[in-house]
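# Observations on chain architecture
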Amino acid sequence: MNNNVKIVIDAGHGGSDPGASGNGIVEKEYALKIAEYLNNRFKELGVNSTLIRQVDETLTPNERVNRILSAYGNSPDVLVISNHLNAGGAECSCLG
Ligand SMILES: [Zn+2]
């Protein structure tokens, strides 16, 4: 892997936007748990990474994009992972 790579992890949904839910599982909660796991694992591997949200908060699509762009700038070395756990046929109102 390119040693200069930086990873921005976007936990889908949050706050007033729970995403998909069923069987007691709420998408926004698992999206954040997975994002935290990935962030910790990347750091263990010595890869620069950061989270777009660390708490259960509401973000507009513009806020989300601004946080992504402000994390490490807009560069070919930046990867963005946007976590979603959609129910079959569900649609996201966020970045897609
Ligand atoms: Zn989603």
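Counting restarts for each chain: residues are numbered from 1 in the order of the written sequence. Two thresholds apply to this predicted model, a pLDDT of at least 70 for residue-level local features and 80 or more for giving and counting side-chain atom pairs, whereas whole-chain, interface and lining totals are computed over all residues. Derived side-chain values reflect all non-hydrogen atoms in the structure, with water molecules and hydrogen atoms excluded from consideration.

## Let's talk about the side chain of Asn83
- Secondary structure is summarised from DSSP: a helix means a run of H or I of at least four residues, a strand means a run of E of at least two, and numbering begins at the N terminus for each. Position of Asn83 among the secondary structure elements: in strand S5 (residues 78-83).
- Think of it in three bands: with a 1.4 Å probe and only protein chains considered, a residue is buried below 20% of the maximum accessible area for its type, exposed above 50%, and partly exposed in between. Classification of Asn83 by relative accessible area gives buried; the value is 9%.
- Polar contact is defined as a pair of N or O atoms within 3.5 Å, subject to the rule that within protein one atom must be able to donate a hydrogen and the other to accept it, and that residues adjacent in sequence are counted only when both atoms are side-chain atoms. A distance of 3.5 Å separates the side chain of Asn83 from the backbone oxygen of Ala31, its partner in a polar contact.

## Side note on the pattern of salt bridges
- Here, a salt bridge means any Lys or Arg side-chain nitrogen found within 4 Å of an Asp or Glu carboxyl oxygen. Counted by the stated rule, this structure contains four salt bridges.
- Between Arg64 and Asp10 there is a salt bridge whose closest N-O contact spans 2.7 Å. Taken as a pair, Arg64 in helix H2 (residues 61-72) and Asp10 in strand S1 (residues 6-11) lie far apart in primary sequence, 54 residues in all. Across the pair, Asp10 and Arg64 agree in class, each one buried.
- In this structure, Glu57 engages Arg67 in a salt bridge whose closest nitrogen and oxygen atoms are separated by 2.8 Å. Highlighted residues: Glu57 in the loop between strand S4 (48-51) and H2 and Arg67 in helix H2, separated in sequence by ten residues.
- Given a relative accessible area of 22%, Glu57 falls into the partly exposed group.

## A short note on a nonpolar patch on the surface
- There is a patch of nonpolar side chains on the surface, built from Ile25, Tyr30, Ile34 and Leu85 and spanning about 300 Å² of accessible area.
- By relative accessible area, which is 34% here, Tyr30 ends up partly exposed. For patch building, the residue pool is restricted to those with more than 30% relative accessible area and no salt bridge; the joining distance is 9 Å between like charges and 5 Å between nonpolar side chains (Val, Leu, Ile, Met, Phe, Trp, Tyr). All accessible areas in this document rest on Shrake-Rupley with a 1.4 Å probe, and a residue is counted as covered only by the protein chains that are shown.

## With respect to helix H1 (residues 27-44)
- An ideal rise of 1.5 Å per residue puts 26 Å on 18 residues; H1 measures up with 26 Å between its terminal C-alpha atoms.
- Buried within H1 are the following residues: Glu27, Lys28, Ala31, Leu32, Ala35, Asn39 and Phe42. An end-on view of H1 places all buried positions within 125° of arc, on one side of the element. Across from the buried face of H1, at angles greater than 90 degrees, the exposed residues are Lys33, Tyr37 and Glu44.
- At the exit of H1 stands Gly46, carrying a positive phi of roughly 80°. Multiplying one less than the number of residues by 1.5 Å gives the expected span of a helix. The directions considered for the arc run from the helix axis to the C-beta atoms.

## Some words on the nonpolar core
- Val5, Ile7, Ile9, Ala11, Ala31, Leu32, Ala35, Phe42, Val47 and Leu51 together form the largest nonpolar core, which totals ten residues.
- Considering every element that reaches this core, the biggest residue donor is H1, with four residues.
- When checking whether two residues touch, look at their non-hydrogen atoms; a contact exists if any pair is within 4.5 Å. Not counting residues up to four positions away in its chain, the partners in contact with Val5 are Val47, Asn48, Asp77 and Leu79.
- Put simply, a nonpolar core is a bunch of buried Ala, Val, Leu, Ile, Met, Phe, Trp, Tyr and Cys residues held in one set by side-chain atoms that sit within 4.5 Å of each other. By size, the runner-up hydrophobic cluster in this structure holds five residues, among which are Val8, Leu59, Ile68 and Val78.

## Notes on unusual backbone geometry
- Its identity as a non-glycine residue notwithstanding, His13 has a phi of 65°, on the positive side.
- Following the sequence through the fold, His13 ends up in the loop between S1 and strand S2 (21-22).
- Residue classification places His13 among the buried residues on the basis of a relative accessible area of 3%.

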